[in-house]
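What follows is the residue order along each chain.
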Amino acid sequence: MSPLFTHNAAMRDIFLSPNEKQLRQLVDLDNIDSILRKLFTIEEMREAGSFFTGQKLASKTVSAFRTPITFSSVVLDPTCGAGNLLIEASRKLGVEATLSATLRAWGSVLWGFDIHIHFIEATKLRLIIEALNRGVKQDCELEDAFRLLPNIKVQDALVVGKEKLETVTHVVMNPPFTIWTSPKENYWKDGKVNAAGIIFDKYLRILQEGCNISAVLPDVLRSGSRYQAFREFVSGSMIATAEVWGRFNNKTDVDVFLLSGLLESNIAEIQWYKPKINTSSIADFFDVRTGPLVAYRDPKEGTEYPYFYPKNCPQWEVISSVTETRKFLGKALKPPLVVIKRTSSPSDKVRASATFINLREPVAIENHMIVVKPKDGKINTCKRLIRTLQCQQTNDFLNERIRLRHLTVGVIKDIPYSEER
Ligand SMILES: C[S@@+](CC[C@H](N)C(=O)[O-])C[C@H]1O[C@@H](n2cnc3c(N)ncnc32)[C@H](O)[C@@H]1O
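Residues numbered from 1 in each chain as written. Predicted model: local features only at pLDDT ≥ 70, side-chain atom pairs only at ≥ 80, totals over all residues. Heavy atoms only, no water.

(A) Summary view of the sheet that holds strand 2 (residues 110–114). With mixed pairing, the seven strands of this open sheet are ordered in space as 3-2-1-4-7-9-8. Both outer strands of the open sheet, strand 3 (152–154) and strand 8 (238–249), are each paired with one neighbouring strand and no more. For this sheet, the mean angle separating the axes of adjacent strands, direction not counted, is 20 degrees. The pairing of strand 8 with strand 9 (residues 252–263) spans 10 bridges and is classified as antiparallel. Following the sheet pairing, Val-244 is matched in strand 9 by Phe-257. Contacts from helix 5 (residues 55–63) reach strand 4 (170–173), strand 7 (212–218), strand 8 and strand 9, with the element oriented near 175 degrees to strand 8. (Pairing = 2+ DSSP bridges. Helix = DSSP H or I, 4+ residues; strand = E, 2+ residues; numbered from the N terminus. Axes fitted to C-alpha atoms, helices over the stretch in contact; angles between N-to-C directions. Contact = heavy atoms within 4.5 Å.)

Next up, the structure:
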(Lines give C-alpha, C1' and ligand atoms only; values in the text may rest on other atoms or scores of the structure.)
Protein backbone atom coordinates (compact mmCIF):
# COMPACT_ATOMS: atom_id res chain seq x y z
CA MET A 1 0.00 0.00 0.00
CA SER A 2 3.05 2.30 -0.26
CA PRO A 3 1.91 4.26 -3.38
CA LEU A 4 -0.55 5.84 -0.95
CA PHE A 5 2.48 7.53 0.61
CA THR A 6 2.46 10.16 -2.20
CA HIS A 7 -1.23 10.90 -1.66
CA ASN A 8 -0.68 11.21 2.09
CA ALA A 9 2.28 13.57 1.46
CA ALA A 10 0.01 15.76 -0.69
CA MET A 11 -2.56 15.81 2.15
CA ARG A 12 0.19 16.89 4.59
CA ASP A 13 1.11 19.78 2.26
CA ILE A 14 -2.50 20.91 2.12
CA PHE A 15 -2.57 21.03 5.93
CA LEU A 16 0.25 23.59 5.76
CA SER A 17 -1.55 25.83 3.24
CA PRO A 18 -5.23 24.87 3.30
CA ASN A 19 -7.37 25.54 0.27
CA GLU A 20 -11.12 25.19 0.62
CA LYS A 21 -11.75 23.28 -2.61
CA GLN A 22 -8.93 20.80 -2.01
CA LEU A 23 -10.03 20.25 1.59
CA ARG A 24 -13.51 19.38 0.38
CA GLN A 25 -12.24 16.98 -2.27
CA LEU A 26 -10.03 15.09 0.18
CA VAL A 27 -12.99 14.14 2.35
CA ASP A 28 -15.32 13.44 -0.57
CA LEU A 29 -16.18 9.81 0.16
CA ASP A 30 -16.71 8.99 -3.53
CA ASN A 31 -13.38 10.48 -4.58
CA ILE A 32 -11.01 8.19 -2.69
CA ASP A 33 -12.03 5.18 -4.79
CA SER A 34 -10.84 6.93 -7.99
CA ILE A 35 -7.60 7.96 -6.26
CA LEU A 36 -6.88 4.36 -5.25
CA ARG A 37 -7.70 3.14 -8.75
CA LYS A 38 -5.01 5.52 -10.10
CA LEU A 39 -2.42 4.39 -7.55
CA PHE A 40 -3.02 0.63 -7.56
CA THR A 41 -3.82 -2.10 -10.05
CA ILE A 42 -7.20 -3.78 -9.67
CA GLU A 43 -5.38 -6.98 -8.62
CA GLU A 44 -3.63 -5.12 -5.76
CA MET A 45 -6.94 -3.63 -4.66
CA ARG A 46 -8.62 -7.04 -4.73
CA GLU A 47 -5.80 -8.66 -2.79
CA ALA A 48 -6.01 -6.01 -0.06
CA GLY A 49 -9.82 -5.98 -0.27
CA SER A 50 -9.55 -2.20 -0.42
CA PHE A 51 -12.83 -1.03 -1.91
CA PHE A 52 -14.06 2.00 0.01
CA THR A 53 -17.65 2.79 0.88
CA GLY A 54 -19.10 5.65 -1.20
CA GLN A 55 -21.10 8.54 0.25
CA LYS A 56 -24.62 7.19 -0.20
CA LEU A 57 -23.89 3.77 1.27
CA ALA A 58 -21.73 5.26 4.06
CA SER A 59 -24.60 7.58 5.08
CA LYS A 60 -27.04 4.68 5.12
CA THR A 61 -24.66 2.45 7.09
CA VAL A 62 -23.91 5.02 9.79
CA SER A 63 -27.54 6.13 10.01
CA ALA A 64 -28.65 2.52 10.53
CA PHE A 65 -27.40 2.47 14.15
CA ARG A 66 -30.32 2.01 16.54
CA THR A 67 -28.67 4.19 19.20
CA PRO A 68 -27.40 7.58 17.96
CA ILE A 69 -23.69 8.39 18.10
CA THR A 70 -22.85 10.94 20.82
CA PHE A 71 -19.69 12.05 22.63
CA SER A 72 -20.26 9.19 25.10
CA SER A 73 -20.05 6.62 22.28
CA VAL A 74 -17.04 4.64 21.12
CA VAL A 75 -17.37 3.95 17.39
CA LEU A 76 -14.99 1.34 15.97
CA ASP A 77 -14.30 0.48 12.33
CA PRO A 78 -12.04 -2.61 12.65
CA THR A 79 -11.03 -2.47 8.95
CA CYS A 80 -11.10 1.29 8.42
CA GLY A 81 -9.08 1.67 5.19
CA ALA A 82 -8.82 5.40 4.38
CA GLY A 83 -11.51 6.19 6.96
CA ASN A 84 -14.68 6.75 4.92
CA LEU A 85 -17.02 5.26 7.53
CA LEU A 86 -15.27 7.05 10.39
CA ILE A 87 -15.49 10.38 8.54
CA GLU A 88 -19.21 9.77 8.10
CA ALA A 89 -19.50 8.88 11.81
CA SER A 90 -17.68 12.12 12.74
CA ARG A 91 -20.45 14.00 10.92
CA LYS A 92 -22.82 12.88 13.68
CA LEU A 93 -20.62 14.76 16.19
CA GLY A 94 -20.35 18.48 16.78
CA VAL A 95 -17.12 20.53 16.55
CA GLU A 96 -15.37 22.82 19.03
CA ALA A 97 -13.89 26.21 18.13
CA THR A 98 -10.38 24.85 17.55
CA LEU A 99 -8.87 21.88 15.76
CA SER A 100 -7.17 20.57 18.89
CA ALA A 101 -10.32 20.71 21.03
CA THR A 102 -12.36 19.06 18.26
CA LEU A 103 -9.87 16.25 17.73
CA ARG A 104 -9.53 15.70 21.48
CA ALA A 105 -13.31 15.12 21.64
CA TRP A 106 -13.46 13.07 18.41
CA GLY A 107 -10.36 11.09 19.41
CA SER A 108 -12.08 9.35 22.29
CA VAL A 109 -15.12 8.47 20.14
CA LEU A 110 -13.55 7.38 16.84
CA TRP A 111 -11.55 4.16 16.79
CA GLY A 112 -10.15 2.51 13.68
CA PHE A 113 -7.90 -0.43 12.82
CA ASP A 114 -6.19 -1.45 9.61
CA ILE A 115 -3.16 -3.60 8.85
CA HIS A 116 -1.69 -1.01 6.46
CA ILE A 117 0.05 1.98 8.04
CA HIS A 118 -0.61 4.21 5.03
CA PHE A 119 -4.35 3.65 5.37
CA ILE A 120 -4.16 4.56 9.07
CA GLU A 121 -2.21 7.68 8.19
CA ALA A 122 -4.76 8.55 5.48
CA THR A 123 -7.65 8.06 7.95
CA LYS A 124 -6.07 10.42 10.48
CA LEU A 125 -5.19 13.03 7.85
CA ARG A 126 -8.69 12.93 6.41
CA LEU A 127 -10.34 13.27 9.84
CA ILE A 128 -8.11 16.28 10.54
CA ILE A 129 -9.07 17.73 7.15
CA GLU A 130 -12.75 16.98 7.84
CA ALA A 131 -12.54 19.02 11.06
CA LEU A 132 -10.86 21.94 9.21
CA ASN A 133 -13.51 21.66 6.54
CA ARG A 134 -16.13 22.16 9.22
CA GLY A 135 -14.63 25.53 10.09
CA VAL A 136 -12.51 24.88 13.21
CA LYS A 137 -9.50 27.09 13.85
CA GLN A 138 -6.16 25.47 13.04
CA ASP A 139 -4.31 25.85 16.33
CA CYS A 140 -1.84 22.95 16.39
CA GLU A 141 0.90 21.25 14.39
CA LEU A 142 0.04 18.21 12.30
CA GLU A 143 1.99 15.86 14.57
CA ASP A 144 0.03 17.13 17.60
CA ALA A 145 -3.20 16.63 15.68
CA PHE A 146 -2.13 13.03 14.92
CA ARG A 147 -1.55 12.37 18.62
CA LEU A 148 -5.13 13.45 19.39
CA LEU A 149 -6.44 10.43 17.44
CA PRO A 150 -4.73 7.67 19.47
CA ASN A 151 -7.33 4.96 18.85
CA ILE A 152 -6.86 4.93 15.09
CA LYS A 153 -3.95 2.60 14.73
CA VAL A 154 -2.28 -0.25 12.90
CA GLN A 155 -3.90 -3.37 14.29
CA ASP A 156 -4.89 -6.71 12.82
CA ALA A 157 -8.67 -6.84 13.39
CA LEU A 158 -8.45 -10.59 14.00
CA VAL A 159 -5.95 -10.56 16.85
CA VAL A 160 -7.51 -7.98 19.09
CA GLY A 161 -8.58 -9.19 22.56
CA LYS A 162 -12.08 -8.96 24.02
CA GLU A 163 -10.90 -6.82 26.97
CA LYS A 164 -9.64 -4.08 24.59
CA LEU A 165 -13.16 -3.60 23.20
CA GLU A 166 -15.16 -3.42 26.44
CA THR A 167 -16.00 0.26 25.95
CA VAL A 168 -17.00 -0.01 22.28
CA THR A 169 -20.66 0.96 21.80
CA HIS A 170 -20.90 1.04 17.98
CA VAL A 171 -19.14 -1.00 15.31
CA VAL A 172 -19.32 0.05 11.69
CA MET A 173 -17.61 -2.01 9.04
CA ASN A 174 -17.09 -2.84 5.42
CA PRO A 175 -14.57 -5.67 5.78
CA PRO A 176 -12.51 -7.08 2.90
CA PHE A 177 -14.41 -9.55 0.67
CA THR A 178 -11.33 -11.61 -0.23
CA ILE A 179 -11.23 -15.37 0.28
CA TRP A 180 -9.41 -16.59 3.40
CA THR A 181 -8.85 -19.96 4.99
CA SER A 182 -11.40 -20.70 7.70
CA PRO A 183 -10.01 -20.39 11.26
CA LYS A 184 -11.90 -23.72 11.79
CA GLU A 185 -12.33 -23.62 15.55
CA ASN A 186 -16.05 -23.24 16.42
CA TYR A 187 -16.58 -22.41 12.79
CA TRP A 188 -19.56 -22.64 10.50
CA LYS A 189 -17.38 -23.69 7.59
CA ASP A 190 -14.11 -25.43 6.80
CA GLY A 191 -11.89 -24.61 3.84
CA LYS A 192 -12.02 -21.28 2.03
CA VAL A 193 -14.49 -18.66 3.23
CA ASN A 194 -15.25 -15.03 2.57
CA ALA A 195 -13.07 -12.80 4.81
CA ALA A 196 -16.06 -10.58 5.57
CA GLY A 197 -17.76 -13.56 7.25
CA ILE A 198 -14.64 -14.31 9.32
CA ILE A 199 -14.21 -10.72 10.54
CA PHE A 200 -17.92 -10.22 11.21
CA ASP A 201 -18.05 -13.49 13.13
CA LYS A 202 -14.99 -12.50 15.20
CA TYR A 203 -16.65 -9.25 16.33
CA LEU A 204 -19.90 -11.00 17.25
CA ARG A 205 -17.80 -13.17 19.59
CA ILE A 206 -15.80 -10.40 21.28
CA LEU A 207 -18.08 -7.35 21.53
CA GLN A 208 -20.25 -6.61 24.56
CA GLU A 209 -23.99 -7.41 24.53
CA GLY A 210 -26.00 -4.38 23.47
CA CYS A 211 -23.31 -3.08 21.08
CA ASN A 212 -24.70 -1.46 17.91
CA ILE A 213 -23.45 -3.03 14.69
CA SER A 214 -23.89 -1.80 11.14
CA ALA A 215 -22.03 -3.62 8.38
CA VAL A 216 -21.75 -3.65 4.61
CA LEU A 217 -21.38 -7.32 3.67
CA PRO A 218 -21.18 -9.26 0.39
CA ASP A 219 -24.49 -10.72 -0.73
CA VAL A 220 -23.02 -14.24 -0.73
CA LEU A 221 -23.29 -14.21 3.08
CA ARG A 222 -27.01 -13.37 2.86
CA SER A 223 -28.02 -15.61 -0.02
CA GLY A 224 -25.28 -18.18 -0.73
CA SER A 225 -26.11 -21.78 0.14
CA ARG A 226 -22.59 -22.32 1.57
CA TYR A 227 -23.27 -19.70 4.24
CA GLN A 228 -26.42 -21.12 5.83
CA ALA A 229 -24.50 -21.95 9.03
CA PHE A 230 -23.02 -18.42 9.12
CA ARG A 231 -26.56 -17.01 8.95
CA GLU A 232 -27.68 -19.29 11.77
CA PHE A 233 -24.76 -18.17 13.92
CA VAL A 234 -25.51 -14.48 13.26
CA SER A 235 -29.24 -14.99 13.89
CA GLY A 236 -28.43 -16.43 17.30
CA SER A 237 -26.16 -13.51 18.19
CA MET A 238 -27.96 -10.38 16.98
CA ILE A 239 -31.33 -8.71 16.72
CA ALA A 240 -30.90 -7.28 13.27
CA THR A 241 -32.30 -6.43 9.88
CA ALA A 242 -30.77 -7.38 6.54
CA GLU A 243 -31.40 -4.98 3.70
CA VAL A 244 -30.41 -5.54 0.08
CA TRP A 245 -28.35 -2.64 -1.29
CA GLY A 246 -27.42 -3.90 -4.79
CA ARG A 247 -24.13 -3.33 -6.60
CA PHE A 248 -21.38 -1.91 -4.33
CA ASN A 249 -20.56 0.86 -6.81
CA ASN A 250 -20.50 1.27 -10.57
CA LYS A 251 -16.86 0.13 -10.82
CA THR A 252 -17.09 -2.86 -8.46
CA ASP A 253 -19.17 -5.76 -9.70
CA VAL A 254 -20.22 -7.25 -6.39
CA ASP A 255 -23.60 -6.95 -4.70
CA VAL A 256 -23.81 -6.08 -1.03
CA PHE A 257 -26.37 -5.87 1.75
CA LEU A 258 -26.54 -3.93 4.96
CA LEU A 259 -26.80 -5.85 8.23
CA SER A 260 -27.61 -3.64 11.20
CA GLY A 261 -28.83 -4.20 14.71
CA LEU A 262 -27.82 -4.95 18.28
CA LEU A 263 -25.59 -7.68 19.61
CA GLU A 264 -27.83 -9.85 21.75
CA SER A 265 -28.17 -13.62 22.07
CA ASN A 266 -31.64 -14.29 20.79
CA ILE A 267 -33.93 -16.81 19.23
CA ALA A 268 -35.66 -14.53 16.73
CA GLU A 269 -34.56 -15.44 13.22
CA ILE A 270 -33.16 -12.58 11.11
CA GLN A 271 -35.21 -12.17 7.94
CA TRP A 272 -32.50 -12.65 5.34
CA TYR A 273 -35.04 -12.36 2.56
CA LYS A 274 -38.77 -11.72 2.30
CA PRO A 275 -40.63 -14.65 3.87
CA LYS A 276 -42.55 -17.03 1.61
CA ILE A 277 -46.16 -15.97 1.87
CA ASN A 278 -48.51 -18.95 1.74
CA THR A 279 -48.02 -19.57 -1.95
CA SER A 280 -46.95 -22.79 -3.55
CA SER A 281 -43.50 -22.96 -5.09
CA ILE A 282 -41.65 -24.87 -7.81
CA ALA A 283 -40.57 -27.53 -5.30
CA ASP A 284 -44.24 -28.53 -4.80
CA PHE A 285 -44.63 -29.54 -8.46
CA PHE A 286 -41.12 -30.31 -9.75
CA ASP A 287 -37.95 -32.17 -8.82
CA VAL A 288 -34.98 -29.81 -9.02
CA ARG A 289 -31.30 -30.75 -9.28
CA THR A 290 -28.08 -29.73 -11.01
CA GLY A 291 -27.10 -31.47 -14.23
CA PRO A 292 -25.19 -34.67 -13.39
CA LEU A 293 -22.49 -34.46 -16.10
CA VAL A 294 -19.20 -32.71 -15.26
CA ALA A 295 -17.65 -32.07 -18.68
CA TYR A 296 -13.98 -31.93 -17.67
CA ARG A 297 -14.25 -34.91 -15.31
CA ASP A 298 -16.62 -37.46 -16.84
CA PRO A 299 -14.99 -39.74 -19.43
CA LYS A 300 -16.63 -39.91 -22.85
CA GLU A 301 -17.57 -43.55 -22.28
CA GLY A 302 -20.79 -45.53 -21.91
CA THR A 303 -24.13 -44.87 -23.61
CA GLU A 304 -24.42 -42.14 -26.26
CA TYR A 305 -27.07 -39.60 -25.17
CA PRO A 306 -28.46 -36.33 -26.52
CA TYR A 307 -26.26 -33.83 -24.67
CA PHE A 308 -27.20 -30.38 -23.32
CA TYR A 309 -25.10 -27.58 -21.85
CA PRO A 310 -25.57 -23.76 -21.74
CA LYS A 311 -24.30 -23.00 -25.25
CA ASN A 312 -26.68 -25.38 -27.05
CA CYS A 313 -29.78 -24.41 -25.05
CA PRO A 314 -31.29 -21.24 -26.61
CA GLN A 315 -33.43 -19.20 -24.24
CA TRP A 316 -37.17 -20.15 -24.18
CA GLU A 317 -36.86 -22.60 -27.08
CA VAL A 318 -38.44 -26.03 -27.22
CA ILE A 319 -35.94 -28.71 -28.21
CA SER A 320 -37.70 -31.58 -29.93
CA SER A 321 -34.86 -33.03 -32.01
CA VAL A 322 -31.34 -34.10 -31.08
CA THR A 323 -28.64 -31.51 -31.85
CA GLU A 324 -25.56 -33.03 -30.18
CA THR A 325 -24.67 -36.30 -28.46
CA ARG A 326 -22.06 -37.46 -25.96
CA LYS A 327 -21.16 -40.73 -24.25
CA PHE A 328 -21.82 -40.74 -20.52
CA LEU A 329 -21.61 -43.36 -17.75
CA GLY A 330 -23.60 -41.34 -15.20
CA LYS A 331 -27.28 -40.61 -14.64
CA ALA A 332 -29.27 -39.71 -17.76
CA LEU A 333 -32.58 -37.89 -17.21
CA LYS A 334 -35.87 -38.59 -18.92
CA PRO A 335 -37.69 -35.60 -20.53
CA PRO A 336 -39.97 -33.73 -20.55
CA LEU A 337 -37.90 -31.34 -18.48
CA VAL A 338 -36.75 -27.75 -18.34
CA VAL A 339 -33.11 -26.68 -17.98
CA ILE A 340 -32.10 -23.32 -16.47
CA LYS A 341 -28.65 -21.76 -16.92
CA ARG A 342 -26.92 -21.42 -13.56
CA THR A 343 -24.95 -18.32 -14.58
CA SER A 344 -27.22 -15.36 -13.93
CA SER A 345 -26.78 -11.78 -12.75
CA PRO A 346 -29.11 -9.08 -11.39
CA SER A 347 -28.09 -7.00 -14.43
CA ASP A 348 -29.54 -9.63 -16.83
CA LYS A 349 -32.96 -8.88 -18.32
CA VAL A 350 -34.08 -12.39 -17.38
CA ARG A 351 -32.62 -14.09 -14.31
CA ALA A 352 -33.74 -17.68 -15.01
CA SER A 353 -32.95 -18.31 -18.67
CA ALA A 354 -34.60 -21.63 -19.55
CA THR A 355 -35.06 -24.14 -22.35
CA PHE A 356 -37.73 -26.84 -22.60
CA ILE A 357 -36.33 -30.24 -23.60
CA ASN A 358 -39.11 -32.30 -25.13
CA LEU A 359 -37.43 -35.52 -26.36
CA ARG A 360 -38.62 -39.10 -25.90
CA GLU A 361 -35.24 -40.55 -24.91
CA PRO A 362 -33.05 -39.96 -21.81
CA VAL A 363 -30.58 -37.07 -22.04
CA ALA A 364 -27.23 -36.11 -20.50
CA ILE A 365 -27.17 -32.67 -18.91
CA GLU A 366 -24.11 -30.71 -17.87
CA ASN A 367 -23.69 -29.30 -14.35
CA HIS A 368 -23.85 -25.64 -15.43
CA MET A 369 -27.57 -26.21 -15.87
CA ILE A 370 -30.27 -26.68 -13.23
CA VAL A 371 -32.73 -29.40 -14.24
CA VAL A 372 -36.42 -28.99 -13.36
CA LYS A 373 -38.57 -32.08 -13.97
CA PRO A 374 -42.36 -32.04 -13.52
CA LYS A 375 -43.57 -34.56 -10.93
CA ASP A 376 -46.62 -35.29 -13.12
CA GLY A 377 -44.39 -35.90 -16.20
CA LYS A 378 -46.57 -33.63 -18.36
CA ILE A 379 -45.55 -31.40 -21.25
CA ASN A 380 -48.10 -28.74 -20.25
CA THR A 381 -46.56 -28.45 -16.79
CA CYS A 382 -43.18 -27.68 -18.43
CA LYS A 383 -44.83 -25.02 -20.59
CA ARG A 384 -46.44 -23.49 -17.52
CA LEU A 385 -43.04 -23.45 -15.83
CA ILE A 386 -41.50 -21.59 -18.79
CA ARG A 387 -44.27 -18.97 -18.54
CA THR A 388 -43.56 -18.64 -14.81
CA LEU A 389 -39.83 -18.14 -15.43
CA GLN A 390 -40.54 -15.50 -18.08
CA CYS A 391 -42.65 -13.30 -15.87
CA GLN A 392 -41.47 -10.18 -14.06
CA GLN A 393 -42.58 -11.48 -10.62
CA THR A 394 -40.04 -14.31 -10.97
CA ASN A 395 -37.28 -11.84 -11.89
CA ASP A 396 -38.22 -9.65 -8.93
CA PHE A 397 -38.25 -12.66 -6.62
CA LEU A 398 -34.81 -13.80 -7.79
CA ASN A 399 -33.32 -10.30 -7.66
CA GLU A 400 -34.37 -9.91 -4.05
CA ARG A 401 -33.48 -13.42 -3.05
CA ILE A 402 -30.09 -13.95 -4.69
CA ARG A 403 -27.83 -11.20 -5.97
CA LEU A 404 -24.91 -13.48 -6.74
CA ARG A 405 -23.79 -14.18 -10.28
CA HIS A 406 -25.34 -17.66 -10.25
CA LEU A 407 -28.57 -19.42 -9.26
CA THR A 408 -28.83 -22.27 -6.78
CA VAL A 409 -31.10 -25.30 -6.60
CA GLY A 410 -32.58 -24.04 -3.31
CA VAL A 411 -33.57 -20.70 -4.81
CA ILE A 412 -35.15 -22.28 -7.91
CA LYS A 413 -37.17 -24.58 -5.64
CA ASP A 414 -38.55 -21.54 -3.77
CA ILE A 415 -39.76 -19.60 -6.85
CA PRO A 416 -43.50 -18.98 -6.35
CA TYR A 417 -45.47 -21.19 -8.76
CA SER A 418 -49.15 -21.50 -9.42
CA GLU A 419 -51.00 -24.16 -11.47
CA GLU A 420 -53.25 -21.41 -12.78
CA ARG A 421 -50.70 -19.61 -14.92
C1 LIG B 1 -13.20 -2.92 2.00
S2 LIG B 1 -11.96 -1.94 2.78
C3 LIG B 1 -13.01 -0.96 3.75
C4 LIG B 1 -12.47 0.29 4.29
C5 LIG B 1 -13.47 1.17 5.01
N6 LIG B 1 -14.10 0.47 6.11
C7 LIG B 1 -14.53 1.72 4.09
O8 LIG B 1 -15.64 1.24 4.13
O9 LIG B 1 -14.23 2.60 3.29
C10 LIG B 1 -11.27 -3.13 3.85
C11 LIG B 1 -10.01 -2.72 4.58
O12 LIG B 1 -9.66 -3.79 5.46
C13 LIG B 1 -8.26 -3.81 5.64
N14 LIG B 1 -7.88 -5.12 6.20
C15 LIG B 1 -7.69 -6.30 5.57
N16 LIG B 1 -7.38 -7.26 6.46
C17 LIG B 1 -7.40 -6.68 7.68
C18 LIG B 1 -7.17 -7.16 9.00
N19 LIG B 1 -6.84 -8.45 9.24
N20 LIG B 1 -7.25 -6.28 10.03
C21 LIG B 1 -7.56 -4.99 9.81
N22 LIG B 1 -7.78 -4.48 8.57
C23 LIG B 1 -7.70 -5.30 7.52
C24 LIG B 1 -7.73 -3.50 4.24
O25 LIG B 1 -6.41 -2.98 4.32
C26 LIG B 1 -8.77 -2.47 3.73
O27 LIG B 1 -8.31 -1.19 3.98
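(B) The arrangement of the nonpolar core in detail. In this structure, Ile-69, Leu-99, Leu-103, Leu-110 and Ile-128 are the most contacted members of the largest nonpolar core, which totals 54 residues. When residues of this core are assigned to their parent elements, the largest contribution, nine residues, is made by helix 8 (residues 117–133). In contact with Leu-99, not counting residues within four places along its chain, are Phe-15, Ile-128, Ala-131, Leu-132, Val-136, Lys-137, Gln-138, Asp-139, Cys-140 and Ala-145. (Core = buried A, V, L, I, M, F, W, Y, C linked by side-chain atoms within 4.5 Å. Buried < 20%, exposed > 50% of the residue type's maximum accessible area, 1.4 Å probe, protein only.)

(C) Structural context of the side chain of Arg-403. Looking at the element boundaries, Arg-403 is found in the loop between helix 15 (392–401) and helix 16 (409–414). Look at Arg-403 and you get buried, because its relative accessible area is 16%. A distance of 2.6 Å separates the side chain of Arg-403 from the side chain of Asp-255, its partner in a polar contact. Every residue in contact with Arg-403, bar those within four places of it in the chain, is listed here: Asp-219, Arg-222, Ser-223, Val-244, Gly-246, Asp-255 and Pro-346. (Polar contact = N/O pair within 3.5 Å; in protein donor to acceptor, adjacent residues only side chain to side chain.)

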